[in-house]
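Residues per chain are reported as follows:
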Amino acid sequence: MSFKSSHKTKRIDYKTEIIAGITGFFAISYIIIVNPMILANAGIPADLSVFATIFSSALGCLLMWRWADAPIIMTPGMGVNAFFTYTLVVAMELTWQQAIAISIISSVLYLIIAFTKLSTIFSQAIPGSLKAGITAGIGLFLVTIGLEKAHLIQQGGSRSLLAIGDLSSPTVLLALFGLVVTLILFLRKTPGGFIIGIILTSVLGVVFDIGQQQSGMSVSLAHLAQYPSIMFKGDFSSLFTLKFLLAVFSMTMILVFESMGLLEGLLPEKSQFKRAYQASAMCTFMSGFLGTSPTVAAAESASGIESGGRTGVMSLTAGSLFLISLLFIPLLSYVPEAAIAPVIIITGALMMGALQSINFGDFSDWFPAFLITVLIPLTGSISTGLAFGFVAYPLAKIAVGQTKKVSGTLYILAALFLLQLICDAVFL
């Protein structure tokens, strides 16, 4: 996705930028509800992580305005929060405090890359097909999570991995209603369509008492006093264990390359990339201390850019609205999982749109990206998908005699990912 700017001067149309900021905020505002619910599965209390979500988003937007003057909204990333919860905590059996420590160390490495020539080296070394595969694979992972939360899929029997859920279940019917409504609003480009869909589905759930026991959120501004209990909680006691180091490597690769791909696709002016990438890294570093999974550039920033956002004023506006949203968080206790599932599903589907940039006519380009795309959701591990894709790419290019398309940097990364797979098989 790319947007061309018609602005060649520093003159700012404040009215347009503010409208763009409002539009972008309402497009991504669902993250205030969705992120705490995903992190709750990692053990972080949702009634406290909602504050971390809001503060990290506001801080990220302010950084993007002040440091980069770029129209990018920063929030805890969909996909990154899934890796944090379902890979690090659920699959690898780490504590959420250890996952926070992993996020902090990974963000330090991200900072080093962002503020050195390494960002340019990596940007030029990693083929677009692999970047697209990462985005699409995380998107498909989110789709499976959303379908599971909607109870539309469940564990299959002896003949299949997955099976359709009980379509007569009130929870499933509520989720299907939310999916239809949210999809219609999205297709009609209704401003704030995602949050409207969540509200309508939640109201229906409250009226018919569907899924209320599953929401798991009882949020009040009074809980703000307890919020410091999840701040600065990184547990570095396992720092030198193999499991911890492998997790750091995987998280770093996700942050570096997903952020790179998102910013390259979103920014209206390519000259904004370097400082925007640095601002993203700074915010990612701070998010761990605030008690949430890492922040990334929100793909929904595109809605604000399409509305005319070209400068950091758009980001400043969105950041201010995140802080104002503190006044409305008590309403989140009425939001069931069936109401957020449609947003997760549609967000995942949008991320899969990255596949359109891949040259399907060149199988040596497509197959490594394909491995990333399918193995992330099928294994439930983003790091596994990345490893297979990065190892397969140079092998495929060697097989077809296109070794000049593989940089030395990519060979090094492939070797590191291969080492990760070996360590996973032998030691974990």
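Right above here is the structure, for reference.
Rules used in this analysis
- Residues numbered from 1 in each chain as written.
- Predicted model: local features only at pLDDT ≥ 70, side-chain atom pairs only at ≥ 80, totals over all residues.
- Heavy atoms only, no water.
- Helix = DSSP H or I, 4+ residues; strand = E, 2+ residues; numbered from the N terminus.
- Buried < 20%, exposed > 50% of the residue type's maximum accessible area, 1.4 Å probe, protein only.
- Patch = residues over 30% accessible without salt bridge, like charges linked within 9 Å, V, L, I, M, F, W, Y side chains within 5 Å.
- Areas by Shrake-Rupley, 256 points an atom, 1.4 Å probe, with all protein chains shown as cover.
- Salt bridge = Lys/Arg side-chain N within 4 Å of Asp/Glu carboxyl O.
- Core = buried A, V, L, I, M, F, W, Y, C linked by side-chain atoms within 4.5 Å.
- Contact = heavy atoms within 4.5 Å.
- Axes fitted to C-alpha atoms, helices over the stretch in contact; angles between N-to-C directions.
- Parallel < 35°, antiparallel > 145°, perpendicular 65-115°, else oblique.
- Left-handed = near helix turned anticlockwise from the far one by under 90°.
- Expected span 1.5 Å × (residues − 1).
- Arc of directions from axis to C-beta.

Asker: Before we go on, may I ask you to explain the environment of Leu-418 in this structure?
Answerer: Here Leu-418 shows up in helix 17 (residues 408–427). Owing to a relative accessible area of 41%, Leu-418 belongs among the partly exposed residues under this scheme. In the structure, Leu-418 is positioned 28 residues away from Phe-390 in sequence and 8.5 Å away in space, judged by C-alpha atoms.

Asker: I would appreciate a short explanation of a nonpolar patch on the surface in the present structure.
Answerer: Together, Val-206, Leu-221, Ile-324, Leu-327, Phe-328, Leu-331 and Tyr-334 give the surface a local cluster of nonpolar side chains, amounting to about 710 Å² of exposed area. Looking at where Leu-221 falls in the secondary structure, it is placed in the loop between helix 9 (193–207) and helix 10 (242–266).

Asker: Explain the nonpolar core to me, please; I cannot follow it from the model alone.
Answerer: Where a protein is soluble and globular, its nonpolar side chains tend to be buried together. Core analysis: the biggest nonpolar cluster contains 118 residues, and Ile-72, Leu-88, Phe-257, Tyr-277, Phe-322 and Phe-390 have the highest contact counts within it. By residue number, the principal contributor to this core is helix 10, which donates 14 residues. Apart from the residues lying within four places of it in its own chain, the contact partners of Phe-322 are Phe-25, Ile-28, Ile-31, Ile-32, Ile-54, Ser-57, Ala-58, Cys-61, Ile-73 and Thr-75.

Asker: Would you take a moment to explain the packing of helix 9 against helix 14 (residues 337–352) for this structure?
Answerer: Each pair of packed helices can be described by the angle between their axes along with the distance between the axes. At a minimum axis distance of 8 Å, the contact between helix 9 and helix 14 shows a crossing angle of 150°. With respect to helix 14, the axis of helix 9 lies roughly antiparallel. When you trace helix 9 past helix 14, the crossing you get is right-handed. Across from Phe-194, Ile-198, Thr-201 and Ser-202 in helix 9, the residues of helix 14 making contact are Ala-338, Ala-339, Val-343, Ile-346, Thr-347 and Leu-350.

Asker: Explain unusual backbone geometry here, please?
Answerer: Most peptide bonds take the trans configuration, and most residues that are not glycine carry a negative phi. The phi angle at Glu-93 is positive, at roughly 60°, despite the residue not being glycine. On the secondary structure map, Glu-93 appears in the loop between helix 4 (80–91) and helix 5 (96–114). Take Glu-93: its relative accessible area is 65%, and that puts it in the exposed class. Despite not being glycine, Lys-189 shows a phi value in the positive range, around 55°. By the secondary structure assignment, Lys-189 is in the loop between helix 8 (170–187) and helix 9.

Asker: Is there a simple way to explain helix 1 (residues 14–28) in this structure?
Answerer: For an α-helix, the turn length of 3.6 residues means that residues three or four places apart are oriented alike. Here helix 1 is 15 residues long and its end C-alpha atoms lie 21 Å apart, about the 21 Å a rise of 1.5 Å per residue gives. When we look at burial in helix 1, the residues that qualify are Glu-17, Ala-20, Gly-21, Gly-24, Phe-25, Ala-27 and Ile-28. The buried residues of helix 1 occupy one face: seen down the axis, they fall within an arc of 160°. Packed against the buried residues of helix 1 are helix 2 (31–40), strand 1 (74–76), helix 9, helix 12 (301–306) and helix 13 (312–324).

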